[in-house]
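Chain residues, written in single-letter form:
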Amino acid sequence: MSTEKVIDAKKQGNALITEHKEENNKKLYIENYGCQMNFNDSEIVASILSEQGYNTTEHMEDADLVLVNTCSIREKAELTVRKRLEKFNAVKKINPTMKVGVLGCMAERLKAKFLEEEKIVDLVVGPDAYRDIPNLLAEVNEGRDAVNVILSKDETYGDVSPVRLNTNGVSAFVSITRGCDNMCTFCVVPFTRGRERSRDPQSILEEIQQLADKNYKEITLLGQNVDSYLWYGGGLKKDFKKASEIAKATAVDFAQLLDMAATRFPKMRFRFSTSNPQDMSIDVLHAMAKHENICKYIHLPIQSGSDNMLKIMNRQHTRKEYMELIDNVREIIPGCAISQDMIVGFCGETEEDHQDTLSLMEYVKYDYGFMFAYSERPGTLAEKKLEDDVPNDVKKRRLSEVINLQRALSLEKTQAFIGQKVEVLIEGNSKKSDQHWMGRNTQNYAVVFPKTDEQVGDFVMVEIEDCTSATLIGKAVK
Ligand code: SAH
Ligand code: F3S
């Protein structure tokens, strides 16, 4: 179990590549850090630049343009990018004409300061300004500074068809919302990704249609907070109250969007991420129960099991409300997997608060989780108003307790699959051996089994014979 959120199938911090377009003659090297949203944003940027004559390359040394899509969520994520920029500096000595751009959350957070602090950087572009990259490149070529970090009320890139990077041809991301209005006191995202807005359901369904036409089999609907999805003709979520009566009456929420997508594309598997407990409705659970093709898996971050902590984190629910939601999931969707995000050592966290986290984990019996030590982020309410007072060694100890408990819970879950037959969508070779396939079952467990006559993209039944705490191991059965 890792303490860092990593994207399994889509590599972090490696060159992202796509098919070659004959007419394109410029070379783009793009590297991605952070969440799935960032990955999908890199696909949007690659699409915008493909129209400008750029093909992706794996080799930074040959690139005309080097882009790094960054993450600010914890200090470590930012330090990793700073280190990478040193490497870019070295490459620039071999390839002096290459231009370097910083995208994503660090760009938004640091703005023009980036140009001063990192001499290698030529352009700085925030998450809502990617359409402006061609203009910014023209500015750079004329020797001017190029920074656009304007956050938008309505940008969803709904009309941009992302080019699929490092694709397995089976699973793809489709963004449905951008930004976040929640203002959790520890979190930098509302500042770097702006206010929440939803994308037109028609453009979402069209993108899914394009993926279905290309034989994709699984789609993950993405947003910081997908359950808060609300389309009422465009505009910020917070302005919904001001919308006309007709707009309100015809609005589409997340449960309806899921139902529409699952009904229109019965052969496509659907996943979604991330769900915020405060916004997850019973209707969403019923939509999941109704449709076989909506995977039985919910990523449901809680951050802490203590009501004191939830309150000062500004999470909009209590421990009891969260437990009731879990009870509803168990009742409405039997066999549904649930995963968590947890932060240990937040400001003022006592030993008792920590015990509350451990006992909540025991109650939920999470399938897996992403666990972090609190990292203070500049500009957040916690940084301004609260003291980061849990010593590092205590954070470390609590983190390892949480990770160890999760590992034990995960092992219990995977062991329960032994002897069962599960349906698996094959994504590609297993990491360890090209004699084995790796795919996922509906609960999002990685399943590894020896190849017989299957192909990538096939759904197969696998009988589970063995497991680790993260992987099911078995054999295909007819
Ligand atoms: N939208 C998601 C969270 C997105 S950020 C939600 O609904 O909760 C992904 C995860 O990073 C968070 O769930 C949290 O566990 C972690 N995180 C965010 N800010 C952090 C910080 N300052 N220190 C440590 N972990 C943090
Ligand atoms: Fe961050 Fe909370 Fe939104 S964790 S992304 S402010 S839901």
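In this report, we go over the structure that sits alongside the text. Computed from a predicted model, the values in this text were never measured in an experiment.

**Quick look at the overall build of the protein**
Here is step 1: What the protein contains, in helices and strands, is 15 helices and 21 strands.
Here is step 2: Taking 2.2 N^0.38 as the reference for a compact globule, 478 residues should give roughly 23 Å; the C-alpha atoms of the protein span a radius of gyration of 22 Å, in line with that estimate.
Here is step 3: C-alpha atoms of the protein, sized along the principal axes, occupy 65 × 60 × 55 Å.
Here is step 4: Taking all 478 residues of the protein together, 57% fall into the buried category.
Here is step 5: Sequence separation of 24 or more characterises 73% of the internal contacts of the protein that already satisfy a separation of 6 or more.
Here is step 6: With the model as given, the accessible surface of the protein reaches about 20600 Å², and the carbon-plus-sulfur share is 50%.
Here is step 7: Seen as two clouds, the 63 positive and the 74 negative side-chain charges of the protein have centres 1 Å apart.

**Re helix α5 (residues 133–141)**
Here is step 1: Along α5, the positions that sit buried rather than exposed are Ile 133, Pro 134, Leu 136, Leu 137 and Val 140. Buried residues of α5 fall within an arc of 160° about the axis and therefore sit on the same side.
Here is step 2: Of the residues flanking the end of α5, it is Gly 143, one or two places downstream, whose phi is positive at about 80°.

**Brief notes about the site of ligand 1**
Here is step 1: Near ligand 1 there are 16 residues, and of these Phe 186, Gln 224, Gln 303, Asp 341 and Ser 375 occur at the shortest range.
Here is step 2: Separating a nitrogen atom of ligand 1 from a backbone N or O atom of Gln 224 is a distance of 2.6 Å.
Here is step 3: Within the contact set of ligand 1, an oxygen atom lies 2.7 Å away from a side-chain nitrogen or oxygen of Gln 303.
Here is step 4: Out of a free accessible area of 540 Å², ligand 1 has 93% covered by protein chains.
Here is step 5: Sorting the residues of the shell around ligand 1 by element identifies β15 (337–344) and β16 (368–373) as the ones contributing at least two each.
Here is step 6: Across the shell around ligand 1, the residue classes break down as seven nonpolar, five polar and four charged.

**Let's talk about the site of ligand 2**
Here is step 1: Around ligand 2 sit Cys 180, Asn 182, Met 183, Cys 184, Phe 186, Cys 187, Val 189, Pro 190, Gln 224, Asn 276 and Arg 315, and those are all the residues in its vicinity.
Here is step 2: Its residues assigned to classes, the shell around ligand 2 comprises seven nonpolar, three polar and one charged.

**Quick word on unusual backbone geometry**
Here is step 1: Across the junction of Ser 273 and Thr 274, the peptide omega takes the value 5°, indicating a cis bond.
Here is step 2: Tracing the chain through its elements places Thr 274 in the loop between β13 (269–273) and α10 (282–290).
Here is step 3: Despite not being glycine, Lys 111 has its phi angle at roughly 50°, a positive value.
Here is step 4: Despite not being glycine, Asn 314 has its phi angle at roughly 65°, a positive value.

**Topic: the packing of helix α9 (residues 254–264) against α10**
Here is step 1: Where α9 contacts α10, the two axes come as close as 8 Å, and the packing angle between them is 15°. What the angle tells us is that α9 and α10 run roughly parallel. Remark: the crossing between α9 and α10 carries left-handed chirality. Contact residues: Phe 254, Ala 255, Leu 258 and Asp 259 in α9; Asp 283, Val 284, Ala 287 and Lys 290 in α10.
Here is step 2: Looking at side-chain class alone, the contact of α9 with α10 contains five nonpolar, no polar and three charged residues.

**A look at the pattern of salt bridges**
Here is step 1: Enumeration according to the criterion identifies 32 salt bridges in this entry.
Here is step 2: Here Glu 351 makes a salt bridge to Arg 397, at a shortest N to O gap of 2.9 Å. Linking Glu 351 in helix α13 (residues 351–364) with Arg 397 in helix α15 (residues 392–415), this pair joins segments that are 46 residues apart in sequence.
Here is step 3: You can call Glu 351 partly exposed: its relative accessible area is 33%.
Here is step 4: Via salt bridges that share partners, Asp 41, Asp 128, Arg 178, Arg 193 and Arg 197 belong to a single interconnected network.

Parameters and conventions
Residues numbered from 1 in each chain as written. Chains lettered and ligands numbered in written order. Predicted model: local features only at pLDDT ≥ 70, side-chain atom pairs only at ≥ 80, totals over all residues. Heavy atoms only, no water. Helix = DSSP H or I, 4+ residues; strand = E, 2+ residues; numbered from the N terminus. Rg over C-alpha atoms; globule rule 2.2 N^0.38 Å. Buried < 20%, exposed > 50% of the residue type's maximum accessible area, 1.4 Å probe, protein only. Contact = heavy atoms within 4.5 Å. Areas by Shrake-Rupley, 256 points an atom, 1.4 Å probe, with all protein chains shown as cover. Lys, Arg positive; Asp, Glu negative; His and termini not counted. Charge placed at Lys NZ, Arg CZ, Asp CG, Glu CD. Arc of directions from axis to C-beta. Near = heavy atom within 4 Å. Polar contact = N/O pair within 3.5 Å; in protein donor to acceptor, adjacent residues only side chain to side chain. Nonpolar A, V, L, I, M, F, W, Y, C, P; charged D, E, K, R; others polar. Axes fitted to C-alpha atoms, helices over the stretch in contact; angles between N-to-C directions. Parallel < 35°, antiparallel > 145°, perpendicular 65-115°, else oblique. Left-handed = near helix turned anticlockwise from the far one by under 90°. Salt bridge = Lys/Arg side-chain N within 4 Å of Asp/Glu carboxyl O.

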